[in-house]
Amino acid sequence: MTEQTVAMDEGVYQSLRAGAVLVTANNRLARDWRGRFVEAAGGADGVWRAPDILPWGAWLRRLWDEASWLDVAAPLLLDAHQAEQIWRRIVERDASEQGLALLQSAGGARLAREAWALAREWRLTLPFDTHEVNEDVSYFQRWADQYDRLCHARGWVDEAALPALLIEALALGRVRPPAHVLLYGFEEWSPLRGEVLDALRLRGVRVERLEDGLAAAPRRGADERQYGLFQAEAGSRAARLDFADAAAEDEAAARWARAMLDEHPGARLAIIAPDLRDRRARLGRLLDSQLAPHTLLPGGDDEARPWNISLGLPLREYGMVRDALLVLALGEARLPLEVLGPALLSPFIGHAGDEGAARALLDARLRALGERTLSGERVRRLAASEDESIACPRFGRMLARLREARQAGPRIQSPAAWARDLRGELKLAGWPGQGVLGSRDFQLRQAWLETFVMLARLDMVQPRMSRAEAVSWLRQLAGDTLFQPEAMPDAPVQVLGPLEAVGLSFDAVWLIGMHSGQWPPEARPNPFLPMRMQARLGLPHASPERELGYLRRISARLLALAPEVIVSHPRQQDGQELEPSPLFEHLPLRTLPLAGSNLPLPEAWSPPAVLERLSDAQAPALGVDSPAPGGSRMLELQSACPFRAFAELRLDARALETPALGPDARTRGNLLHALMERLWGELGDQARLSMLVRGESFPATEGGPPLRDRVEHHARSVVDDEARARRDMWPERLQRLETQRLTRLALEWLAVEVTRPPFEVEACEQRRMIEIGGLRVRVKLDRVDRLPDGARLVIDYKTGAVSSGDWSGERPVAPQLPLYALHTENARGIAFAQVRAGDCQLKGRIEDAQGWESCKGVTAGDLPWSDQLDAWHAVLDRLATDFREGRAQVDPRQPGVCTHCPLTMLCRIHEKGGAHGAMEEMEA
């Protein structure tokens, strides 16, 4: 096929005014050409007709509407989702008949639909030659035959078949084509697309292809100054840069856009990225900070941005839609916490403003229960609680209404009926909330409600479905539908992908992410078509050679988008070194002459007053003899970081708990404590333990169960008590496994206890009130042993690795045991009982280590015992005094303390030189 080419000049404008149709390769080009026409017509006198400019697919659908309008026998056109549902049902039914287990039937159906479209577009004849058919291709041929026969029987046609039908309609005179068709932005032509154009010519249509390279000509009135950063330096229109990583590259591109607009306010700029989906969030934040800082202010206009990202996000990634999908799960009898939590915190569920604080506290209460799923009835009771802090009766009534609607509704009905009922559930939940929707949220709401219309259209291909299928389809539609709110008209900075950028025109362009691993991309042949045939015929993405040739042409077009072009790539990603794309490595490598960090802020963002920095690390003091919040943990936190002790214990700032799948480490530790308390309550001392180890009975008893049976009995007892409190979390199988684990662990620990010097267990889980540093501290001692000489040994059970070094220094890691020793009469030693599978041992310090040779972790220490007690008292008294007096500076004991701290967003310690240091390193 050949087309006459015409320049982008006044003749194109006149042709559009005369009624010619301009057909583009994509929606972006169609929008751009409409803008060009309006700009060109702006200076004309009189009234002018809107130009007929639309992308290829929309043009074919319009022609088909004309051809089938009065033809009652014309097949019905399926939309993409209707066609996909037919493919999915065929694939699932065939897999069931063949006894195959498909992990992703939806994904397989989508690939099959794409293979069908390619086969029609490239005029491939099915069935294929036998020697090119593998198992996957064989499956596809069977599915395609079923699909084709079903469509013929039902009178359906999909968009892949439209070109062939239009060729027939043109030949029969059922379509009145335009007299003049202009084509733009098409890099390649499939056989079927070429046949459509040939059919148009046979009907006398004048078909012309606009010359691609001329599209980048300056618009009328465009600024003719030089925009590039490198022209004076190198006399070149394109240059290459490299950066440490993608984040530094994005930062530089955003600063470049700002510098260009500062110098040339009327410039049209583009930032083009092949991995735009991965960079979208970060690049958006950086462009906001450089070009639209007003959006960062409270109450700032979130819509008036001078930049626009072409790639929208799936609907379900927006909070309003994500919470709407949550509502559809709130009518279940049992509610997962990952559904309940976000629903309680959602601003889009009715009366959130009235009950917001109570709902947030109820979420925290539910998390503290430790259960991953809760009964809806239990949640409703808690929401109606007399405890005002968590009382949110409107949320509870909403749950009840949704449950009633679910129970009263049918199990199976039409997609249109499900669309009606599911929208009704959103209304019952008060979605999308009480507030007035802004422009962006209004557009988002309309786009989401459109998915219900798409669901209803499935009536034609699947008259009945279950509620689970309907909700699954809504989720898929929300994932497939990209939403991009209307941006500033003709925003000066456009962020887009390479293929949609081809054919546009700008004053300056920056291509980011152009490394060899990404450009050109890897070949991705369709697995349901013969591989060798795809490569032989040059189907899209069929082979590396085909991709390289295609991307060479695209790369040349990208370099022609503007008078000045920058191409950049990161030098490393995830520890892997990266090379520049071979398609751009011929460009000269430059450095960026841009002092980005010194750019002034626009006047609209200038601070109205001088900002001052205030360091306030002094909290209000507590009174003498005040109770210490948090017990002995107060000393641990004050030692780790004074700010965390203040924030967690006095402000009650804590991370929300996240229930684990099964018992977490804290629950397992509590079970061990309970087991040891019961065991030593029965055993009493080492002598009885030794008798059981030897297989003997206690004196004054007539036999009795052996040691293993006693341990197992108590282990089962403590697990049963825990399971009764949280039955949903403890299925019987898990109870048996936990009983076995506790039994093995306890027996391993008792084997250590029997080798110790003699002792008697004097107290277990003993609660006391201790005074230190002017505070009253409530504590609980795990265990106190009496030794033969009357001295006492204070023991603390630990299920992880510990060290006696945790008690040393001015800021000890674990100050609890030294505190207990200071307030236990005649205490002559402290020890960690490290009860850890495969590594059970006693680690501690004792006044006299003679006789403790069997416990290598117990030593006399470097100081005499009395001196050691004095040193601990001085350290702990100072820590308690600092907490009581309100010393709350951000001062971690060491950097590792912050690693697992949940309050770093509150103290913002990572901002201390972090951001500026990283920026200086990037610019260096």
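Up top is the structure.
Residues numbered from 1 in each chain as written. Predicted model: local features only at pLDDT ≥ 70, side-chain atom pairs only at ≥ 80, totals over all residues. Heavy atoms only, no water.

**Here we look at unusual backbone geometry**
Item 1. Cis geometry marks the peptide bond from tryptophan 431 to proline 432, where omega comes out at 5 degrees.
Item 2. Looking along the chain, the bond that leaves tryptophan 519 and enters proline 520 is cis, with omega of 5 degrees.
Item 3. Phi angles above zero are rare outside glycine, and histidine 541 is one such case at about 65 degrees.
Item 4. Positionally, histidine 541 belongs in the loop between helix 21 (531–537) and helix 22 (544–559). (Helix = DSSP H or I, 4+ residues; strand = E, 2+ residues; numbered from the N terminus.)

**Focus on the sheet that holds strand 18 (residues 508–511)**
Hydrogen bonding along the main chain pairs the strands of a sheet, whether they run parallel or antiparallel.
Item 1. Read across the sheet, six strands follow the order 8-19-18-9-17-10 without closing on themselves; strand pairing throughout is parallel. Each of the sheet's edge strands pairs with one partner strand only, and the pair in question is strand 8 (238–243) and strand 10 (307–309). Across the sheet, the mean angle separating the axes of adjacent strands is 15 degrees when strand polarity is ignored.
Item 2. Where strand 10 lies against strand 17 (residues 493–496), three bridges are found, and the strand directions are parallel. Paired with tryptophan 307 across the bridge in strand 17 is valine 493.
Item 3. The sheet contacts of helix 11 (residues 276–291) involve strand 9 (269–272), strand 10, strand 17 and strand 19 (564–570), and relative to strand 10 the element is tilted by about 170 degrees. (Pairing = 2+ DSSP bridges. Axes fitted to C-alpha atoms, helices over the stretch in contact; angles between N-to-C directions. Contact = heavy atoms within 4.5 Å.)

**Side note on the state of the cysteines**
Item 1. Enumeration according to the criterion identifies zero disulfides in this entry.
Item 2. No disulfide involves cysteine 641; its nearest neighbouring cysteine sulfur is the one of cysteine 907, lying 6.4 Å away.
Item 3. The closest cysteine sulfur to the non-disulfide-bonded cysteine 901 is located on cysteine 907, 6.2 Å from its own sulfur. (Disulfide = S-S within 2.5 Å.)

**Observations regarding the pattern of salt bridges**
In a structure, side chains of opposite charge can pair up when their charged atoms sit close to one another.
Item 1. Counted according to the given criterion, the structure contains 64 salt bridges.
Item 2. For glutamate 159, the salt bridge identified is with arginine 61, shortest N-O distance 3.4 Å. Of this pair, glutamate 159 sits in the loop between strand 5 (156–157) and helix 7 (162–171) while arginine 61 sits in helix 3 (residues 56–68), and the two are 98 residues apart along the sequence.
Item 3. On the accessibility criterion, glutamate 159 (39% relative accessible area) is partly exposed.
Item 4. Taking the shortest distance from any N to any O, the salt bridge between aspartate 250 and arginine 282 comes out at 2.8 Å. With aspartate 250 in helix 10 (residues 246–263) and arginine 282 in helix 11, this pair connects stretches of sequence that are 32 residues apart. (Salt bridge = Lys/Arg side-chain N within 4 Å of Asp/Glu carboxyl O. Buried < 20%, exposed > 50% of the residue type's maximum accessible area, 1.4 Å probe, protein only.)

**A closer look at helix 5 (residues 105–121)**
Item 1. Between its terminal C-alpha atoms helix 5 stretches 24 Å, which fits the 24 Å expected from 17 residues at 1.5 Å a residue.
Item 2. Among the residues of helix 5, those classed as buried are Ser105, Gly108, Ala109, Ala112, Ala115, Trp116, Leu118 and Ala119.
Item 3. Here the buried face of helix 5 lies against helix 4 (80–98) and helix 6 (135–154).
Item 4. At the C-terminal side of helix 5, arginine 123 shows a positive phi close to 55 degrees. (Expected span 1.5 Å × (residues − 1).)

**With respect to helix 7**
Item 1. All of the buried residues along helix 7 are Leu162, Pro163, Leu166, Ile167, Ala169 and Leu170. Along the axis of helix 7, the buried positions cluster into a sector of 165 degrees, meaning they face one direction only.
Item 2. On its buried face, helix 7 is in contact with helix 3, strand 4 (76–77) and helix 8 (191–202).
Item 3. Directly after helix 7, the chain includes glycine 173, whose backbone phi takes a positive value near 75 degrees. (Arc of directions from axis to C-beta.)

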